[in-house]
Amino acid sequence: MNYEEIIRLDREHVWHPCTQEKDHERLPPIAIERGEGSYLVTARGERIIDAVSSWWVNLFGHNHPRLNRALLEQSQRIAHHIFAGFTHEPAVKLAHRLCERAPGKLNRVFFADNGSAAVEVALKMSFQYWQQSGKPGKTRFVSLTEAYHGETLGALAVSGCELYRKTYQPILMQGFSVQGPDCYRCPYGLHRDQCDAPCFEHMERTLAAHHREIAAVIIEPLIQAAAGMRIHPPIYLKKLRALCDHYQVHYIADEIAVGFGRTGRFFANEHAGTAPDILCLSKGITGGYLPLSVALTTDEIYHGFYDDYTTLKAFLHSHSYTGNPLACALAVEVMNIFDEEDILGGLEPRMDMLEAARARFEAHPHVGEMRRCGLVAAIEMVESKEEKRGYPWQQRRGYRFYQEALKRGALLRPLGNVIYFMPPLNIPQDVLARVLDIAWDCLEDITRES
Ligand code: PMP
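Residues numbered from 1 in each chain as written. Predicted model: local features only at pLDDT ≥ 70, side-chain atom pairs only at ≥ 80, totals over all residues. Heavy atoms only, no water.

1. Here's the deal with the pattern of salt bridges
Opposite charge on two side chains permits them to pair, given that their charged atoms come into close proximity.
For step 1, the next point in the chain: Here the structure, examined in full by the defined rule, presents 37 salt bridges.
For step 2, the next point in the chain: As a salt-bridge pair, E33 and R34 come within 3.4 Å of each other at their nearest N and O atoms.
For step 3, the next point in the chain: We classify E33 as exposed; its relative accessible area is 53%.
For step 4, the next point in the chain: The class of R34 is partly exposed, set by a relative accessible area of 38%.
For step 5, the next point in the chain: Each of the salt bridges in this network shares a partner with another, and the network as a whole consists of R185, R192, E369, R371 and E380. (Salt bridge = Lys/Arg side-chain N within 4 Å of Asp/Glu carboxyl O. Buried < 20%, exposed > 50% of the residue type's maximum accessible area, 1.4 Å probe, protein only.)

Here it is in structure tokens:
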């Protein structure tokens, strides 16, 4: 098919995610034919740097020889089989490796097939655990303002991004929304590198008042990603762990976006020395090849479900593609690559480059803050630096930035007024330098326009 035919058929039949389709009248979707490392290559042969790891999934670049081989080898055995009553080597290997690597006593792996599904699993698991462990009053969940945990109704109910949630409010379960950390606009006038997270008082108050009805607190550790890469300090997690222990409330860590090295450590919780009761993982787990997710939990929670069938305590959750062998084989190879290619060690020079760019970006009159955690960095564009006032959303500066960046050969898909970088962990340094240059040029253009 030629390029025009692909786009014609797309426009006739396809409905894209998270998109106002009318925008495609002016900027049609871009047809991708293949990938090469950090680059997407269009069906016309143009090369675009994938600086957002294709929605944060791609870890080691596209078309990776080791991942290609793992996929091919597994496909020659079996692509998929039912996972209830059956098991397979890639799944058990992956479960073993994840439990070895995970913090604390996480020792059981429940498989699902996308991030939102893992969040649903975690919520249901926590809820049911308390139902059959003598505390049936624990039925509600606590989450942070601006949180993002997925699009299915349960995950949306514990999300705080109004943009995605508001329409569905009447059909969402009711929980407790706690004011989350907002370090750039810190109401206490502190800086995230030095503070003791006094903003945790909101969480303390909510749990003190309602812990008897609370099953779990769910948060995105260190980076509230969809909120605009809002970064908070590890002390927040330490406090959360202690509070959850105190009140017998589960701590669910959604490391779907931040797990697998994004923060500079394998898991974000390692920065705080904390371990959740349930850990949700997805996205990078297969290196960005296939959908897969897991919820890791403790033997204690697992044993809350373990009994004779007739007690009806089993966790009866399932998805058709649970434990998909192709995805698991990829995930095992991802773990191998981390171990054998010192991926985390290789982050240092790349993190240094982002750090070095910070002074330059922060000196810009329309950059409020450039924040960074690991290989994730974000630039918050503001209309007024003094007032920390963002541009009105109707101006769609971020979207305009996205269009400009594409013209210059980079995929930078901002979140509102926030431009962020979440490149593959092994992005070549010259390519990362090019991304930063493109971002600078776009910033100049976009903030100059009225
Ligand atoms: N949790 C977090 C922190 C996420 O960033 C996302 C996806 N952006 C999800 C959950 C949902 O994952 P999925 O899109 O695979 O359903």
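2. Focus on the sheet that holds strand 5 (residues 140-144)
For step 1, the next point in the chain: Spatially, the 7 strands line up as an open sheet ordered 4-12-11-10-7-5-6, and their pairing is mixed. Looking at the sheet topology across the chains shown, the edges are occupied by strand 4 (106-112) and strand 6 (176-178). For this sheet, the mean angle separating the axes of adjacent strands, direction not counted, is 20°.
For step 2, the next point in the chain: Two elements, strand 7 (residues 214-219) and strand 10 (residues 250-254), share 4 bridges in a ladder whose sense is parallel. Its bridge partner lying in strand 10, V217 is registered against Y251. (Pairing = 2+ DSSP bridges. Helix = DSSP H or I, 4+ residues; strand = E, 2+ residues; numbered from the N terminus. Axes fitted to C-alpha atoms, helices over the stretch in contact; angles between N-to-C directions.)

3. Some points on the site of the ligand
For step 1, the next point in the chain: What surrounds the ligand is the set W56, N114, G115, S116, Y148, H149, G150, E220, D254, I256, A257 and K283.
For step 2, the next point in the chain: One nitrogen or oxygen atom from the side chain of N114 is found 3.4 Å from an oxygen atom belonging to the ligand.
For step 3, the next point in the chain: Across the complex, the protein chains shield 82% of the 390 Å² of accessible surface that the ligand would expose by itself.
For step 4, the next point in the chain: Along the lines of polarity and charge, the residues of the shell around the ligand split into 4 nonpolar, 5 polar and 3 charged. (Near = heavy atom within 4 Å. Polar contact = N/O pair within 3.5 Å; in protein donor to acceptor, adjacent residues only side chain to side chain. Areas by Shrake-Rupley, 256 points an atom, 1.4 Å probe, with all protein chains shown as cover. Nonpolar A, V, L, I, M, F, W, Y, C, P; charged D, E, K, R; others polar.)

4. Some details on the packing of helix 8 (residues 201-210) against helix 9 (residues 235-247)
For step 1, the next point in the chain: The geometry of helix 8 relative to helix 9 is characterised by a closest axis approach of 11 Å and an angle of 10° between their N-to-C directions. Overall, the two elements helix 8 and helix 9 adopt an arrangement that is roughly parallel. Contacts between helix 8 and helix 9 involve M203, E204, L207 and A208 from the first element and Y236, L240, L243 and Y247 from the second.
For step 2, the next point in the chain: Looking at the contact of helix 8 with helix 9, its residues break down into 7 nonpolar, no polar and 1 charged. (Parallel < 35°, antiparallel > 145°, perpendicular 65-115°, else oblique. Contact = heavy atoms within 4.5 Å.)

5. Description of helix 13 (residues 397-407)
For step 1, the next point in the chain: Within helix 13, the full set of buried residues consists of R397, G398, F401, Y402, E404, A405 and L406.
For step 2, the next point in the chain: Against strand 3 (47-50), strand 14 (376-381), strand 15 (410-411), strand 16 (418-421) and helix 14 (429-448) lie the buried residues of helix 13.
For step 3, the next point in the chain: Just beyond helix 13, the residue with positive phi is G409, at close to 95°.

6. What about the layout of surface pockets?
For step 1, the next point in the chain: The volume enclosed by the second largest pocket comes to roughly 680 Å³.
For step 2, the next point in the chain: Lining the second largest pocket are 24 residues, with F83, V109, F110, F111 and Y302 positioned closest to its centre.
For step 3, the next point in the chain: Elements with a contribution of two residues or more to the lining of the second largest pocket: helix 4 (89-101), strand 4 and helix 10 (299-303).
For step 4, the next point in the chain: Per-element tally for the lining of the second largest pocket: the top contributor is strand 4, with 5 residues.
For step 5, the next point in the chain: Among the residues forming the lining of the second largest pocket, the class breakdown is 15 nonpolar, 8 polar and 1 charged. (1 Å grid on protein atoms, 1.4 Å probe; cavity = no way out; pocket = protein on both sides within 12 Å on 5 of 7 lines; lining within 4 Å. Points joined across faces, edges and corners; volume = space filled by probe spheres on them.)

7. So, helix 14
For step 1, the next point in the chain: Under the 1.5 Å per step criterion, the end-to-end length of helix 14 is 29 Å for 20 residues, consistent within 8% with the ideal 28 Å.
For step 2, the next point in the chain: Looking only at helix 14, the buried set comprises V431, L432, V435, L436, I438, A439, W440, C442, L443, I446 and T447. (Expected span 1.5 Å × (residues − 1).)

8. Some thoughts on the domain arrangement of the protein
For step 1, the next point in the chain: Splitting the protein by domain gives domain 1 (31-59 + 344-448) and domain 2 (69-341).
For step 2, the next point in the chain: Distance between the C-alpha centres of domain 1 and domain 2: 27 Å.
For step 3, the next point in the chain: Contact with domain 1, which involves 29 residues of that partner, is made by 26 residues of domain 2.
For step 4, the next point in the chain: Where domain 1 abuts domain 2, roughly 2400 Å² becomes buried across the two surfaces, and 62% of that area is made up of carbon and sulfur atoms.
For step 5, the next point in the chain: When the area that domain 1 buries against domain 2 is broken down by residue, the three leading residues are W56, L59 and L344, summing to 27%. (Domains from an automatic or database assignment. Buried area = accessible area lost by both parts, 1.4 Å probe.)

9. Section: the packing of aromatic side chains
For step 1, the next point in the chain: Per the counting criterion, the structure on display carries 15 aromatic pairs.
For step 2, the next point in the chain: Judged by centre distance (5.7 Å) and plane angle (45°), the ring pair of Y302 and Y306 falls under tilted.
For step 3, the next point in the chain: Aromatic side chains F305 and F315 sit 5.6 Å apart centroid to centroid with 70° between the ring planes, which places their arrangement in the edge-to-face category. Taken together, the positions of F305 in the loop between helix 10 and helix 11 (325-340) and F315 in the loop between helix 10 and helix 11 put the pair 10 residues apart, joining distant regions of the chain. Like F315, F305 is buried.
For step 4, the next point in the chain: A network of ring pairs unites the aromatic residues F60, F260, F266, F267 and F338 as a single cluster.
For step 5, the next point in the chain: Across the ring face of F266, the terminal group of R101 is positioned such that the distance to the ring centre comes to 4.1 Å.
For step 6, the next point in the chain: Directly above the aromatic system of W130 lies the positively charged group of K138, at a separation of 5.1 Å from the ring centroid. (Phe/Tyr/Trp six-rings, centres within 6.5 Å; stacked < 30°, edge-to-face > 60°. Lys NZ or Arg CZ within 6 Å of the ring centre and 35° of its normal.)

10. Notes on unusual backbone geometry
For step 1, the next point in the chain: Its identity is not glycine, yet W56 carries a phi of approximately 75°, on the positive side.
For step 2, the next point in the chain: Topologically, W56 is positioned in helix 2 (residues 53-56).
For step 3, the next point in the chain: Although it is not a glycine, Q248 adopts a positive phi angle of roughly 55°.
For step 4, the next point in the chain: Topologically, Q248 is positioned in the loop between helix 9 and strand 10.

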